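These are the residues of each chain, in order.
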Amino acid sequence: MVQEKMDISSIPDDKRPESEIKKGGLRTMPFIIVNETFEKVASYGLLANMILYLKFDYNMTNVEGARVLFIWSATSNFLPVLGSFFSDSYMGRYRVIAFGSIISLLGMISLWSTALIPGARPRGCPSHVNCESPNSSQLSLLYTSFALMSIGAGGIRPCSLAFGADQLHHPDKQKKTMILQSFFNWYYASVGISLMVAVTVIVYIQDTAGWNLGFAIPAILMIISVVLFYLGSPLYVKMKADKSLFTGFAQVVAAAIKNRHVPPPSGDVYHYNKGNLMVPTSTLSSLNKACIMKSPGKDVNPEGSANDPWSLCTVQQVEDLKSLIKVMPIWSTGIMLAVLLSQQSFLILQANSMDRHLCPSFQIPAGSFSVFNILALTIWVAIYDRLLVPKLAKLTGNRRGLSLKQRMGIGLILCCIATAVSAVVEGHRRKRAIEQGFLNNGYAVVDMSALWLVPQYCILGLAEAFNIIGQIEFYYSELPKRMASIGVALFALGMGVGNLLAVVILGAVDDTSRKGGTESWVSNNINKGHYNYYYWVLTVLGGVNLLYFFVCSWSYGPCKEDEFGVLGKEDERDHEMTKSGHA
């Protein structure tokens, strides 16, 4: 739910083709923002309630349904990294967004067909006993729709914000910055509204009007999104693809391997660009072989570029890769956070078994409880930025209020608290269900308000506000400015790995707890199972990850924001990159 924070100074007007100067501008914003907004309403509106569709309409067990959604989420997090690579290196942002929009639409239409076409899913099973399992054809159609939507998201999500920024050019840099900031504010506002609509309106329609209409509306919204995006095509500035940072990293590794037998250099034999680093640092010295010129007169062209960039890289390329490697241990601490945040499917199943009425005539859809997560995140960010940062800054001497590592650590602590609260609430819900005679009826509604789930949703929202926003700002602060987009790619990659790890943990808990013929802790009958024990396992793993974070944080040493983020000092992230030849 957290979006990319973009470096507004990284969009130079002088690189625009002359034919593109008269294009773009604010008139293109409705096409781009509506495309992103409708895609998010459609995709998140489908994801929020999907566990109930898989359980009640595909007759999947809780474990099977959760496993499918974990893998779908992992794929949707991995593919934006790939989409960003293709956008930067080969296709350009416009083509990637256009391709992604069409593919995403096909995925939504495919999913709609599973509800619309008789025989596209198993026969209904009101008794929930000896239900028909989906056959291979039915599963193929379902999984194809998920795959297409993931591919589409991989094209739209990493490129929309940057593509919108491409449209806004102005000769005055200060005015351009103000225009871009205004665009970003509108963009983030539209994303927030779209998420709220997705988990409330779309989910409510699915609950009350059924899946036919509930899947049709996202598909129709996506059709409108695609049509509007293509209508704006003649107006867009379409920047050409350039070399990707990912390609540069691959070149450094390849060159270091090729040159691994080159003896240590004597003298100035490193390849560098004017104005950038001239000498590599001593850390990870094996990578320094990538920028050693074996034959200074032959390895480079007259204009200074390498004859073979896969055999010789610049010092700056090497140091960029080193800076990325340096943040990886702290990045890895976010993987377990992703596991804890990805348990929404089970929370929805809990909510579905509880009394969700706000009044006799209205009940909250089970999939809409994540709105409390979004509200907590949004309200806290506003309070923190506007009210708490100035006061905390006076206490800590840091203009951010709390340091980035402190915020990430608090987020991890809150995530552990949230899963512990989930365990306590689920233990109480299960006890009430058994007392009311529902031990053998996992589909019964327990006489217990689902509002008991609100605190854990709110705590999870606070955890996201602290850790995820802190993570992205950490990457932006610690990596060179030209690598700003890598931060969001790292975050998405961590979420994807976390989703896959969640599959492994869920399978291990299921297999271990059912040994000896006992009921699985994550049984399909939520009242017979012990989901509270499963949440305690996650809490313990989160606690171990918290200790690991403390070790990584200590070994990392001071951050750049610790050096330059102090009140009264100048905030120059890359000052040591330009003052001398040492990072």
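Because the structure is predicted, anything quoted here is derived from the model rather than measured.

Looking at the confidence of the model for the protein
In step 1: With 89% of its residues at a pLDDT of at least 70, the protein reaches an overall mean of 83.
In step 2: Mean pLDDT per element in the protein: helix α18 (residues 575-579) is the minimum at 37, and helix α16 (residues 531-556) is the maximum at 95.
In step 3: Scored below 50 in pLDDT, residues 2-11 shows 38 contacts in the model against residues more than four places distant or in partner chains.
In step 4: The model gives residues 563-583 a pLDDT under 50, and that stretch makes 45 contacts with residues more than four places away or in other chains.

Points about the side chain of E319
In step 1: Following the sequence through the fold, E319 ends up in helix α10 (residues 315-341).
In step 2: On the basis of relative accessible area, E319 is assigned to the buried category, the value being 3%.
In step 3: A polar side-chain atom of E319 sits 2.9 Å from a polar atom in the side chain of T281.

What about the state of the cysteines?
In step 1: Applying the stated rule across the entire model yields one disulfide.
In step 2: Note that C125 is cross-linked by a disulfide to C131, the S-S spacing being 2.0 Å. Its S-S torsion of approximately -80° makes the covalent link between C125 and C131 left-handed.
In step 3: Overall, C125 belongs to the buried group, its relative accessible area being 12%.
In step 4: Here C416 stays free of any disulfide, with the sulfur of C415 as its closest cysteine sulfur at 6.9 Å.

Topic: helix α3 (residues 62-91)
In step 1: For α3, built from 30 residues, the straight-helix expectation of 44 Å at 1.5 Å per residue is met to within 8% by its first-to-last C-alpha distance of 40 Å.
In step 2: After α3 finishes, the residue G92 shows a positive phi value of roughly 85°.

Topic: the packing of aromatic side chains
In step 1: Inspection of the entire model under this criterion finds 30 aromatic pairs.
In step 2: On the basis of an interplanar angle of 75° and a centroid distance of 5.6 Å, the ring pair of F85 and F86 is categorised as edge-to-face.
In step 3: Look at F163 and F229: their rings are 6.0 Å apart centre to centre, the planes differ by 55°, and that puts the pair in the tilted class. Remark: F229 occurs in helix α8 (residues 211-231) and F163 occurs in helix α6 (residues 160-166); sequence separation between them is 66 residues. The pair F163 / F229 is uniform in exposure class, with both members buried.
In step 4: One aromatic cluster is present, formed by F31, Y94, F163, F229, Y230 and Y236 through successive ring pairs.
In step 5: The ring centre of F56 lies 5.9 Å from the NZ or CZ of K55, which sits over that ring.
In step 6: Above the ring of Y556, the side-chain terminus of K326 is found at 4.6 Å from the ring centroid.

Comments concerning the pairing of strand β4 (residues 446-449)
In step 1: Side chains V446 and M448 project from β4 onto a buried face, and the interleaved D447 and S449 project onto a face without burial.
In step 2: In this sheet, β4 lies alongside strand β1 (residues 354-355) in parallel orientation, the contact comprising two bridges. Each bridged residue has a counterpart across the sheet, and for M354 the counterpart in β4 is V446.

Things to note about the pattern of salt bridges
When the charged atoms of two side chains lie near each other, side chains of opposite charge can form a pair.
In step 1: Evaluation of the coordinates by the stated rule reveals six salt bridges.
In step 2: A salt bridge links R429 to E426; its shortest N-O distance comes to 2.8 Å. Placement of the pair is R429 and E426 together in helix α13 (residues 404-435), with a separation of three residues, close to one helical turn.
In step 3: Exposure remark for R429: the relative accessible area of 0% places this residue in the buried category.
In step 4: Between R514 and D510 there is a salt bridge whose closest N-O contact spans 2.9 Å.
In step 5: Judged by its relative accessible area of 8%, D510 is buried.

A word on a nonpolar patch on the surface
In step 1: The grouping of L82, F86, Y90, M91, F99 and I151 at the surface amounts to a nonpolar patch, some 570 Å² of accessible area in total.
In step 2: No other element matches α3, which puts four residues into the nonpolar patch.
In step 3: Within the secondary structure, L82 sits in helix α3.
In step 4: Taking relative accessible area as the criterion, L82 reaches 43% and is therefore assigned partly exposed.

What counts, and at which threshold
- Residues numbered from 1 in each chain as written.
- Predicted model: local features only at pLDDT ≥ 70, side-chain atom pairs only at ≥ 80, totals over all residues.
- Heavy atoms only, no water.
- pLDDT = per-residue confidence, 0-100.
- Helix = DSSP H or I, 4+ residues; strand = E, 2+ residues; numbered from the N terminus.
- Contact = heavy atoms within 4.5 Å.
- Buried < 20%, exposed > 50% of the residue type's maximum accessible area, 1.4 Å probe, protein only.
- Polar contact = N/O pair within 3.5 Å; in protein donor to acceptor, adjacent residues only side chain to side chain.
- Disulfide = S-S within 2.5 Å.
- Expected span 1.5 Å × (residues − 1).
- Phe/Tyr/Trp six-rings, centres within 6.5 Å; stacked < 30°, edge-to-face > 60°.
- Lys NZ or Arg CZ within 6 Å of the ring centre and 35° of its normal.
- Pairing = 2+ DSSP bridges.
- Salt bridge = Lys/Arg side-chain N within 4 Å of Asp/Glu carboxyl O.
- Patch = residues over 30% accessible without salt bridge, like charges linked within 9 Å, V, L, I, M, F, W, Y side chains within 5 Å.
- Areas by Shrake-Rupley, 256 points an atom, 1.4 Å probe, with all protein chains shown as cover.

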